[in-house]
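For reference, the chains in residue letters:
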Amino acid sequence: MRRYFCRIVILFGLLYAFGLAAPRMLRAQETQGPLPATPPQTPPLEPPPITHSADGVRSNPLPPRTSIVGAWRLNLDNSDDGRKKLEQAQAKSQNSAGRSGNPRVSGPGSPSPYPGGGGGGTGNGGGMGGGGRQSGANQVSDSDRGILRELTDPPEGLNIMQKDPKGGEVDLTDDMARKRVFFTDGRKTEKSKDDSYQEIDAKWDGKSLISEEKTSRGKFSRTFELAPNGQQLYETVRIDASVYSGKGSGPQVYIQYVYDADQGDSR
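Conventions adopted
- Residues numbered from 1 in each chain as written.
- Predicted model: local features only at pLDDT ≥ 70, side-chain atom pairs only at ≥ 80, totals over all residues.
- Heavy atoms only, no water.
- Phe/Tyr/Trp six-rings, centres within 6.5 Å; stacked < 30°, edge-to-face > 60°.
- Helix = DSSP H or I, 4+ residues; strand = E, 2+ residues; numbered from the N terminus.
- Buried < 20%, exposed > 50% of the residue type's maximum accessible area, 1.4 Å probe, protein only.
- Lys NZ or Arg CZ within 6 Å of the ring centre and 35° of its normal.
- Salt bridge = Lys/Arg side-chain N within 4 Å of Asp/Glu carboxyl O.

A. The arrangement of the packing of aromatic side chains in detail. Inspection of every chain in the model, using the stated rule, returns one aromatic pair. Ring geometry for phenylalanine 182 versus phenylalanine 224: centroids 5.8 Å apart, planes at 65°, classification edge-to-face. Here phenylalanine 182 is found in strand β4 (residues 179–183), whereas its partner phenylalanine 224 is found in strand β8 (residues 219–226), with 42 residues between them in sequence. In terms of burial, phenylalanine 182 and phenylalanine 224 fall into one category: buried. Stacked on the ring of tryptophan 72, the Lys or Arg arginine 65 has its end atom at 4.4 Å from the ring centre.

In C-alpha coordinates form, the structure reads like this:
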(Lines give C-alpha, C1' and ligand atoms only; values in the text may rest on other atoms or scores of the structure.)
Protein backbone atom coordinates (compact mmCIF):
# COMPACT_ATOMS: atom_id res chain seq x y z
CA MET A 1 0.00 0.00 0.00
CA ARG A 2 2.78 2.35 0.88
CA ARG A 3 4.60 1.53 -2.37
CA TYR A 4 1.42 2.32 -4.37
CA PHE A 5 1.03 5.63 -2.58
CA CYS A 6 4.66 6.62 -3.39
CA ARG A 7 4.09 5.92 -7.07
CA ILE A 8 1.06 8.21 -7.12
CA VAL A 9 3.01 10.98 -5.39
CA ILE A 10 5.84 10.63 -7.96
CA LEU A 11 3.34 10.66 -10.83
CA PHE A 12 1.69 13.84 -9.58
CA GLY A 13 5.11 15.42 -9.12
CA LEU A 14 6.06 14.64 -12.71
CA LEU A 15 2.77 16.04 -13.98
CA TYR A 16 3.25 19.21 -11.98
CA ALA A 17 6.79 19.71 -13.29
CA PHE A 18 5.64 19.12 -16.88
CA GLY A 19 2.88 21.68 -16.43
CA LEU A 20 5.38 24.28 -15.37
CA ALA A 21 7.81 23.57 -18.25
CA ALA A 22 5.28 23.31 -21.09
CA PRO A 23 4.57 27.11 -21.52
CA ARG A 24 8.28 27.84 -21.65
CA MET A 25 8.80 25.21 -24.31
CA LEU A 26 5.93 26.61 -26.37
CA ARG A 27 7.32 30.13 -26.13
CA ALA A 28 10.74 28.92 -27.16
CA GLN A 29 9.27 27.21 -30.23
CA GLU A 30 7.42 30.42 -31.17
CA THR A 31 10.60 32.53 -31.10
CA GLN A 32 12.64 30.10 -33.17
CA GLY A 33 13.45 31.20 -36.72
CA PRO A 34 16.03 33.24 -38.58
CA LEU A 35 17.95 35.71 -36.44
CA PRO A 36 17.59 39.41 -37.32
CA ALA A 37 20.29 40.78 -39.55
CA THR A 38 23.11 42.68 -37.90
CA PRO A 39 22.71 46.40 -38.55
CA PRO A 40 25.40 47.81 -40.84
CA GLN A 41 28.28 49.42 -39.09
CA THR A 42 28.63 53.13 -39.93
CA PRO A 43 32.28 54.06 -40.31
CA PRO A 44 33.43 56.89 -38.06
CA LEU A 45 33.32 60.33 -39.68
CA GLU A 46 36.70 61.73 -40.59
CA PRO A 47 37.54 65.37 -41.32
CA PRO A 48 37.97 66.13 -45.04
CA PRO A 49 41.57 65.81 -46.16
CA ILE A 50 43.55 68.99 -46.68
CA THR A 51 44.43 69.18 -50.35
CA HIS A 52 47.14 71.27 -51.92
CA SER A 53 47.70 72.61 -55.41
CA ALA A 54 50.76 71.89 -57.47
CA ASP A 55 52.67 74.74 -55.83
CA GLY A 56 51.86 73.44 -52.36
CA VAL A 57 49.26 76.06 -51.45
CA ARG A 58 46.26 74.90 -49.44
CA SER A 59 43.22 74.66 -51.75
CA ASN A 60 40.41 74.01 -49.24
CA PRO A 61 37.86 76.86 -49.12
CA LEU A 62 38.56 79.41 -46.42
CA PRO A 63 35.87 80.96 -44.22
CA PRO A 64 34.12 83.94 -45.86
CA ARG A 65 35.89 87.24 -45.40
CA THR A 66 34.22 90.27 -43.89
CA SER A 67 36.21 93.03 -45.61
CA ILE A 68 38.34 93.75 -48.67
CA VAL A 69 41.51 93.34 -46.59
CA GLY A 70 43.73 90.42 -47.53
CA ALA A 71 45.52 88.77 -50.43
CA TRP A 72 43.65 88.17 -53.70
CA ARG A 73 44.33 86.38 -57.00
CA LEU A 74 42.91 87.48 -60.36
CA ASN A 75 40.16 85.24 -61.78
CA LEU A 76 40.60 85.66 -65.53
CA ASP A 77 37.53 83.58 -66.43
CA ASN A 78 35.17 85.86 -64.50
CA SER A 79 36.89 89.16 -65.30
CA ASP A 80 36.28 91.55 -68.16
CA ASP A 81 38.83 92.03 -70.92
CA GLY A 82 39.81 95.61 -70.12
CA ARG A 83 41.65 96.29 -73.37
CA LYS A 84 38.79 94.97 -75.47
CA LYS A 85 36.19 97.09 -73.67
CA LEU A 86 38.29 100.23 -74.06
CA GLU A 87 38.90 99.48 -77.75
CA GLN A 88 35.17 99.11 -78.31
CA ALA A 89 34.47 102.43 -76.60
CA GLN A 90 37.20 104.16 -78.59
CA ALA A 91 35.79 102.78 -81.83
CA LYS A 92 32.33 104.12 -80.96
CA SER A 93 33.85 107.50 -80.18
CA GLN A 94 35.68 107.60 -83.52
CA ASN A 95 32.57 106.54 -85.43
CA SER A 96 30.55 109.24 -83.70
CA ALA A 97 33.17 111.87 -84.55
CA GLY A 98 33.21 110.70 -88.18
CA ARG A 99 29.45 111.03 -88.52
CA SER A 100 29.61 114.55 -87.08
CA GLY A 101 32.11 115.58 -89.79
CA ASN A 102 35.11 115.71 -87.46
CA PRO A 103 36.88 112.37 -87.87
CA ARG A 104 39.86 111.65 -85.70
CA VAL A 105 43.09 110.63 -87.34
CA SER A 106 44.27 107.15 -86.50
CA GLY A 107 46.96 104.89 -87.77
CA PRO A 108 46.35 101.64 -89.68
CA GLY A 109 45.75 98.38 -87.92
CA SER A 110 43.38 97.35 -85.14
CA PRO A 111 42.29 99.95 -82.56
CA SER A 112 44.50 100.38 -79.52
CA PRO A 113 43.17 100.55 -75.96
CA TYR A 114 45.04 103.85 -75.64
CA PRO A 115 44.18 107.20 -77.24
CA GLY A 116 45.99 107.49 -80.53
CA GLY A 117 44.72 104.61 -82.62
CA GLY A 118 46.27 101.44 -83.99
CA GLY A 119 48.65 99.10 -82.28
CA GLY A 120 51.17 99.00 -85.13
CA GLY A 121 50.42 102.07 -87.22
CA THR A 122 52.89 104.77 -88.18
CA GLY A 123 52.67 108.11 -89.94
CA ASN A 124 51.04 111.40 -89.09
CA GLY A 125 48.88 110.99 -86.03
CA GLY A 126 49.62 107.28 -86.13
CA GLY A 127 49.03 104.74 -83.38
CA MET A 128 50.88 105.10 -80.14
CA GLY A 129 52.23 101.58 -80.53
CA GLY A 130 54.10 102.74 -83.64
CA GLY A 131 55.55 105.80 -81.97
CA GLY A 132 53.06 108.24 -83.54
CA ARG A 133 52.03 111.33 -81.62
CA GLN A 134 48.79 113.20 -81.62
CA SER A 135 48.67 116.97 -81.50
CA GLY A 136 46.57 119.62 -79.84
CA ALA A 137 43.75 118.48 -77.59
CA ASN A 138 44.44 114.83 -78.39
CA GLN A 139 48.03 114.89 -77.20
CA VAL A 140 48.59 111.95 -74.83
CA SER A 141 51.22 112.21 -72.13
CA ASP A 142 53.38 109.31 -71.04
CA SER A 143 51.67 109.48 -67.65
CA ASP A 144 48.21 109.14 -69.21
CA ARG A 145 49.31 106.18 -71.31
CA GLY A 146 50.70 104.52 -68.21
CA ILE A 147 47.43 105.01 -66.34
CA LEU A 148 45.43 103.48 -69.17
CA ARG A 149 47.76 100.50 -69.28
CA GLU A 150 47.30 100.03 -65.54
CA LEU A 151 43.51 100.24 -65.82
CA THR A 152 43.30 97.70 -68.64
CA ASP A 153 46.08 95.29 -67.55
CA PRO A 154 45.18 94.20 -64.00
CA PRO A 155 47.77 92.49 -61.80
CA GLU A 156 47.52 88.76 -61.20
CA GLY A 157 47.78 89.25 -57.47
CA LEU A 158 47.23 92.05 -55.00
CA ASN A 159 47.21 92.57 -51.26
CA ILE A 160 45.07 95.12 -49.41
CA MET A 161 45.99 96.28 -45.91
CA GLN A 162 44.15 98.74 -43.67
CA LYS A 163 46.69 100.80 -41.78
CA ASP A 164 44.44 101.91 -38.91
CA PRO A 165 41.09 100.84 -37.40
CA LYS A 166 39.36 103.98 -38.70
CA GLY A 167 40.36 103.16 -42.26
CA GLY A 168 42.01 106.52 -42.94
CA GLU A 169 44.74 104.83 -44.97
CA VAL A 170 44.43 101.70 -47.11
CA ASP A 171 47.54 100.29 -48.81
CA LEU A 172 47.30 98.20 -51.97
CA THR A 173 50.36 96.39 -53.30
CA ASP A 174 50.45 94.13 -56.35
CA ASP A 175 52.70 91.49 -57.85
CA MET A 176 54.40 94.10 -60.06
CA ALA A 177 55.95 95.83 -57.03
CA ARG A 178 53.53 98.77 -57.25
CA LYS A 179 52.03 100.40 -54.18
CA ARG A 180 48.84 102.46 -54.14
CA VAL A 181 48.03 104.34 -50.92
CA PHE A 182 44.38 105.41 -50.60
CA PHE A 183 43.65 108.22 -48.13
CA THR A 184 40.04 108.44 -46.97
CA ASP A 185 40.48 111.02 -44.20
CA GLY A 186 40.99 114.05 -46.43
CA ARG A 187 44.73 114.36 -45.95
CA LYS A 188 46.73 115.93 -48.77
CA THR A 189 48.20 113.57 -51.33
CA GLU A 190 51.68 114.03 -52.73
CA LYS A 191 52.37 113.72 -56.44
CA SER A 192 54.48 110.67 -57.19
CA LYS A 193 57.72 110.83 -59.15
CA ASP A 194 57.33 107.33 -60.59
CA ASP A 195 54.75 104.62 -61.19
CA SER A 196 55.84 102.37 -58.31
CA TYR A 197 54.21 104.54 -55.62
CA GLN A 198 51.10 106.71 -55.74
CA GLU A 199 48.92 108.45 -53.17
CA ILE A 200 45.23 108.59 -54.10
CA ASP A 201 42.15 110.35 -52.73
CA ALA A 202 39.40 107.89 -51.82
CA LYS A 203 36.31 107.41 -49.71
CA TRP A 204 34.40 104.62 -48.00
CA ASP A 205 30.89 103.69 -49.08
CA GLY A 206 29.91 101.13 -46.45
CA LYS A 207 32.57 98.45 -46.82
CA SER A 208 33.46 99.49 -50.39
CA LEU A 209 36.53 101.61 -51.13
CA ILE A 210 36.08 104.13 -53.97
CA SER A 211 38.96 106.11 -55.44
CA GLU A 212 38.67 109.58 -56.98
CA GLU A 213 41.36 109.95 -59.64
CA LYS A 214 42.09 111.95 -62.75
CA THR A 215 44.46 112.29 -65.66
CA SER A 216 45.37 115.42 -67.57
CA ARG A 217 42.40 114.66 -69.82
CA GLY A 218 39.61 113.51 -67.52
CA LYS A 219 38.48 111.51 -64.50
CA PHE A 220 38.29 107.85 -63.60
CA SER A 221 37.62 105.83 -60.45
CA ARG A 222 38.15 102.41 -58.99
CA THR A 223 35.76 100.67 -56.59
CA PHE A 224 36.87 97.74 -54.45
CA GLU A 225 34.05 95.78 -52.85
CA LEU A 226 33.63 92.38 -51.23
CA ALA A 227 31.40 89.92 -53.07
CA PRO A 228 28.33 88.61 -51.20
CA ASN A 229 29.95 85.18 -50.85
CA GLY A 230 32.89 86.66 -48.94
CA GLN A 231 35.31 84.72 -51.15
CA GLN A 232 35.81 87.22 -53.98
CA LEU A 233 36.79 90.84 -54.47
CA TYR A 234 35.24 93.00 -57.19
CA GLU A 235 37.25 95.85 -58.69
CA THR A 236 35.12 98.07 -60.91
CA VAL A 237 36.92 100.63 -63.07
CA ARG A 238 34.98 103.59 -64.47
CA ILE A 239 36.66 105.70 -67.16
CA ASP A 240 35.16 108.94 -68.49
CA ALA A 241 35.10 109.41 -72.26
CA SER A 242 37.47 112.37 -72.09
CA VAL A 243 40.22 110.11 -70.76
CA TYR A 244 40.38 107.97 -73.87
CA SER A 245 38.83 110.21 -76.56
CA GLY A 246 40.17 113.63 -75.65
CA LYS A 247 36.96 115.23 -76.92
CA GLY A 248 34.65 113.94 -74.22
CA SER A 249 32.52 112.18 -76.82
CA GLY A 250 31.76 108.53 -76.26
CA PRO A 251 30.40 106.24 -73.58
CA GLN A 252 31.78 105.85 -70.10
CA VAL A 253 33.72 102.62 -69.82
CA TYR A 254 33.02 100.17 -67.00
CA ILE A 255 35.45 97.29 -66.47
CA GLN A 256 35.08 94.71 -63.72
CA TYR A 257 37.89 92.50 -62.49
CA VAL A 258 37.16 89.58 -60.16
CA TYR A 259 39.70 88.37 -57.62
CA ASP A 260 39.49 85.16 -55.59
CA ALA A 261 40.61 84.98 -51.98
CA ASP A 262 44.20 83.78 -51.94
CA GLN A 263 44.17 80.30 -50.39
CA GLY A 264 47.57 80.95 -48.88
CA ASP A 265 46.17 83.84 -46.84
CA SER A 266 44.40 82.62 -43.68
CA ARG A 267 42.92 85.98 -42.60
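B. Molecular detail of the pattern of salt bridges. Counted under the stated rule, the structure contains 13 salt bridges. Salt-bridge contacts for arginine 187 lead to aspartate 185; the nearest nitrogen and oxygen are separated by 2.7 Å. Take arginine 187: its relative accessible area is 34%, and that puts it in the partly exposed class. When its relative accessible area of 44% is taken as the criterion, aspartate 185 is described as partly exposed.

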